[in-house]
Amino acid sequence: MFAKQRHEGILLLLKQKQSVTVTELCELFNTSSETIRRDLLLLEKQGHLMRVHGGALLQKNMAGSSTIQERLSENIPNKKQLCINAVKVIEAGDVIAIESGSTAIELAKMIAALSFNVTVVTNAPDVADQLYHCQNVQLIMIGGQYLQEERAFYGQLALDSITNIHVDKCFIFPTAVSLQQGAATTCYELCGISRAYIAIADDVYFLCDSSKFQKTAFVKICSLTARHTIITDSEVSSDIVTIYEDQGIRLIK
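What comes next concerns the included structure. Quick caveat, the model's predicted, so the values are computed rather than measured. (Residues numbered from 1 in each chain as written. Predicted model: local features only at pLDDT ≥ 70, side-chain atom pairs only at ≥ 80, totals over all residues. Heavy atoms only, no water.)

**Section: the packing of aromatic side chains**
By the definition in use, this model includes three aromatic pairs. Geometrically, the ring pair formed by Tyr146 and Phe153 is tilted, given 5.2 Å between the ring centres and 55° between the ring planes. A centroid spacing of 5.4 Å and a plane angle of 80° characterise the contact between Phe213 and Tyr244, whose relative ring orientation is edge-to-face. Taken together, the positions of Phe213 in the loop between strand S12 (201-207) and strand S13 (219-222) and Tyr244 in helix H10 (residues 238-246) put the pair 31 residues apart, joining distant regions of the chain. Just as Phe213 is buried, Tyr244 falls in that class too. (Phe/Tyr/Trp six-rings, centres within 6.5 Å; stacked < 30°, edge-to-face > 60°. Helix = DSSP H or I, 4+ residues; strand = E, 2+ residues; numbered from the N terminus. Buried < 20%, exposed > 50% of the residue type's maximum accessible area, 1.4 Å probe, protein only.)

What follows is the structure in structure tokens.
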């Protein structure tokens, strides 16, 4: 088989599966691992994929931006599944930080139904609206400059407030995640809030549905490290889970 045909076959398989391993490519094309690694290196240089230990991931396009109002009606089943998984890591007595976003609202609804006491720190009035009436929730509202299109507070006043507290867990909702670019968002104004929550938290959870993997977005929040856990849905491929965990990133689905 000619190299061009292998390259086309690798990209076709990647589009179908989102990830491939060197072993399966060797078997598929009946060639050596050295040849496959050269193929992957070339395709990475052309911007088609990202090489990782033992294989490669599809390098998708940049995620588009939208307002929170537009996102409220999108991917509702997946958001609910993410939040069901997320609420399982919350324990009695936890102090948690929740940033803004449509998924954050779904998470707040589930926290409202918990039977034990928690403290919630948030810069999102929509999150607070779901929790202010709950006897088991101590609510701490972060104020500052108001970003209308995201219905959230940001800016130096908000950052000063966050810097002076500590939380057990924070829940962040990036627009995209990739091993190469890390967690990213389309909203520059709120990126600092995400970073501030991450800095004050013992444990960091990114809630990302399967469509957000191996994409990039306008503003990088942070690189992915072993202290981060990604909570996702059941549609994420087992290959993605394996490759991310090989890099020390835990996934819950």
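Okay, back to it.
**Description of the nonpolar core**
Leu179, Tyr197, Phe206, Phe213, Ile230 and Tyr244 are the most contacted members of the largest nonpolar core, which has 42 residues in total. At the level of elements, strand S2 (49-52), strand S8 (152-154), helix H8 (156-163), strand S9 (167-172), helix H9 (188-200), S12, S13 and H10 are the ones that each hand at least two residues to this core. Sequence-distant contacts of Tyr244, that is, excluding residues within four places in its chain, are made with Leu57, Val177, Ser178, Leu179, Phe213, Gln214, Leu224, Ile230, Ile249 and Leu251. Core analysis: the second largest hydrophobic core is formed by 26 residues, Ala124, Leu131, Phe171 and Ile252 among them. (Core = buried A, V, L, I, M, F, W, Y, C linked by side-chain atoms within 4.5 Å. Contact = heavy atoms within 4.5 Å.)

**Considering the side chain of Ser194**
Of note, Ser194 is situated in helix H9. The exposure class of Ser194 is buried, given its relative accessible area of 4%.

**Overview of the environment of Cys83**
Topologically, Cys83 is positioned in helix H5 (residues 76-87). Remark: the alpha-carbon pair of Cys83 and Thr232, spanning 149 residues in sequence, is separated by 9.0 Å. Ignoring sequence-local partners within four residues, the contact set of Cys83 consists of Thr103, Glu106, Leu107, Met110 and Leu207.

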